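Fold and geometry: a report
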Amino acid sequence: MEEPWLRGIRPDLPPVTGHLLRASEHIREDLARALAPLTPGQLWATPYEMTSAGFHAKHLAGSTGRLCTYLEGRTLTKEELAAIPLEGVGAESAAELIDSVNRAFERYERLVRELAPGHFGDVREIGRRRLATTAIGLAIHIVEHGQRHAGQAITAARLARATHG
């Protein structure tokens, strides 16, 4: 099966929107394929002091959610801020983490579909310092960040399987 970006043009969507949705599909599929076979011990293992595959998945879900809040033009809630330090530890199963990532990217996909090309340049503010970016820049960053953590999760998963049988 082809990677999502090679599955054809989405004629129902503007090209940038279609590409962002394909990137989201790619993240979700790669992460699920890497995490699904892991035992809980492998998922949270930190061989050679690397961060765990579980961390990358949990952070990916959490950070995507937070970035979506900014994409909606809102600031983070106290609950969203309180969840950040909890991403480094966990006992979630692979299925729970995959579900969490899927929910975060379903939200992202809904927001990207709603983002009309005429609003790509709308200003969004990020973080406590309210750093300015554009809506499309933020939407692109979400999948760039997602690809980075999906790749790290894949590497951590392979290493965990090799060292934690």
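Please read these numbers as outputs of a predicted model, since none were measured by experiment.

Brief notes about the side chain of K58
Counting through the fold element by element, K58 comes out in helix α3 (residues 53–71). Accessibility expressed as a relative area gives 18% for K58, which makes it buried. Apart from the residues lying within four places of it in its own chain, the contact partners of K58 are W44, L86, E87, V89, G90, E92 and L97.

So, the packing of aromatic side chains
Under the defined criterion, the tally for this structure stands at one aromatic pair. Ring geometry for F105 against Y108: centres 5.9 Å apart, planes inclined by 70°, an arrangement best described as edge-to-face. Of the two residues, F105 and Y108 are both situated in helix α5 (residues 94–114); the distance of three residues between them amounts to about one turn of the helix. Across the pair, exposure class does not vary: F105 and Y108 are buried alike.

Quick word on the nonpolar core
One recurring pattern in soluble globular proteins is that nonpolar side chains are buried together. Formed by 41 residues in total, the largest nonpolar core has its most connected members in L35, L43, F105, Y108 and I142. Of all the elements in the fold, those that place two or more residues in this core are α1 (15–35), α3, α5 and α6 (135–163).

Concerning the environment of H59
The residue H59 is located in helix α3 in this model. Sequence separation between H59 and V101 is 42 residues; the distance between their C-alpha atoms is 9.1 Å. Sequence-distant contacts of H59, that is, excluding residues within four places in its chain, are made with T64, R66, E87, H145 and H149.

Some thoughts on the side chain of H59
With relative accessibility at 14%, the residue H59 sits in the buried group. A polar contact is formed between the side chain of H59 and the side chain of E87, at a distance of 2.6 Å.

Rules behind the numbers
Residues numbered from 1 in each chain as written. Predicted model: local features only at pLDDT ≥ 70, side-chain atom pairs only at ≥ 80, totals over all residues. Heavy atoms only, no water. Helix = DSSP H or I, 4+ residues; strand = E, 2+ residues; numbered from the N terminus. Buried < 20%, exposed > 50% of the residue type's maximum accessible area, 1.4 Å probe, protein only. Contact = heavy atoms within 4.5 Å. Phe/Tyr/Trp six-rings, centres within 6.5 Å; stacked < 30°, edge-to-face > 60°. Core = buried A, V, L, I, M, F, W, Y, C linked by side-chain atoms within 4.5 Å. Polar contact = N/O pair within 3.5 Å; in protein donor to acceptor, adjacent residues only side chain to side chain.

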